[in-house]
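# Secondary and tertiary structure notes
Each chain is listed here by its residues.
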Amino acid sequence: MLQKEYKIVITGPTTLGAILNSLQMGFRTLAIQKRTGEVWTVLGAVKTEFSKFGGLLEKVQKNLQNAGDQLEEVMGKRTRAIERKLRQVEQLPHEESQKILPIDESEGDDE
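Calculation rules
- Residues numbered from 1 in each chain as written.
- Predicted model: local features only at pLDDT ≥ 70, side-chain atom pairs only at ≥ 80, totals over all residues.
- Heavy atoms only, no water.
- Salt bridge = Lys/Arg side-chain N within 4 Å of Asp/Glu carboxyl O.
- Helix = DSSP H or I, 4+ residues; strand = E, 2+ residues; numbered from the N terminus.
- Buried < 20%, exposed > 50% of the residue type's maximum accessible area, 1.4 Å probe, protein only.
- Patch = residues over 30% accessible without salt bridge, like charges linked within 9 Å, V, L, I, M, F, W, Y side chains within 5 Å.
- Areas by Shrake-Rupley, 256 points an atom, 1.4 Å probe, with all protein chains shown as cover.
- Lys, Arg positive; Asp, Glu negative; His and termini not counted.
- Charge placed at Lys NZ, Arg CZ, Asp CG, Glu CD.
- pLDDT = per-residue confidence, 0-100.
- Expected span 1.5 Å × (residues − 1).
- Bend = angle between axes of the 7 residues up to and from the residue.
- 1 Å grid on protein atoms, 1.4 Å probe; cavity = no way out; pocket = protein on both sides within 12 Å on 5 of 7 lines; lining within 4 Å.
- Points joined across faces, edges and corners; volume = space filled by probe spheres on them.

### A short note on the pattern of salt bridges
Counted by the stated rule, this structure contains 3 salt bridges. Here arginine 35 makes a salt bridge to glutamate 38, at a shortest N to O gap of 2.9 Å. Here arginine 35 pairs with glutamate 38, and both are found in helix H2 (residues 16-86), just 3 residues apart, close to one helical turn. Residue classification places arginine 35 among the exposed positions, given a relative accessible area of 54%. Classification of glutamate 38 by relative accessible area gives partly exposed; the value is 33%. The salt bridge partner of glutamate 49 is lysine 52, with a shortest N-O separation of 3.5 Å. Here glutamate 49 pairs with lysine 52, and both are found in helix H2, just 3 residues apart, close to one helical turn.

This is the structure in structure tokens:
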């Protein structure tokens, strides 16, 4: 009767330990549930950012593909076209060429 009216739990020395353990487990469960909600929130934010990251990676991949295609065009078609036109031109000896186009041979050789 007192328990319902005043919303209390009557305990003695033998049941006090069990009641305290029960309360402790309840509080731990509440703490875990709270942290679980926080974890789900963080995972939601990570998922959003990861989808943005994936989109950016796709853009980079397309840009790299375009750059590769342009490089292939320059190195392929353009080089062959220039070489065809230059076939008719006589090549100069190296010394004479250096006088006209002084290019440092060590420049650009980073290897």
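### Notes on a nonpolar patch on the surface
A cluster of nonpolar residues, Leu16, Leu20, Leu23, Phe27 and Leu30, forms a patch on the protein surface that exposes about 510 Å² of accessible area. Of note, phenylalanine 27 is situated in helix H2.

### Regarding a positive patch on the surface
On the surface, Lys77, Arg80, Arg84, Lys85 and Arg87 cluster together to form a positively charged patch. Locating arginine 87 in the fold gives a position in the loop between H2 and helix H3 (94-100).

### With respect to the confidence of the model for the chain
Looking at the chain as a whole, its pLDDT mean stands at 86, while 94% of the residues score no less than 70. When pLDDT is averaged over each element of the chain, H2 comes out on top at 91 and helix H1 (residues 2-6) at the bottom at 82.

### Digging into H2
The terminal C-alpha atoms of H2, which comprises 71 residues, lie 101 Å apart, in line with the 105 Å expected from a rise of 1.5 Å per residue. Along H2, the helix axis deviates most sharply at threonine 79, where the bend reaches about 30°.

### A closer look at the layout of surface pockets
When its volume is computed, the largest pocket comes out at roughly 150 Å³. Looking at the largest pocket, the residues that line it are Gln91, Leu92, Pro93, His94, Ser97 and Leu101.

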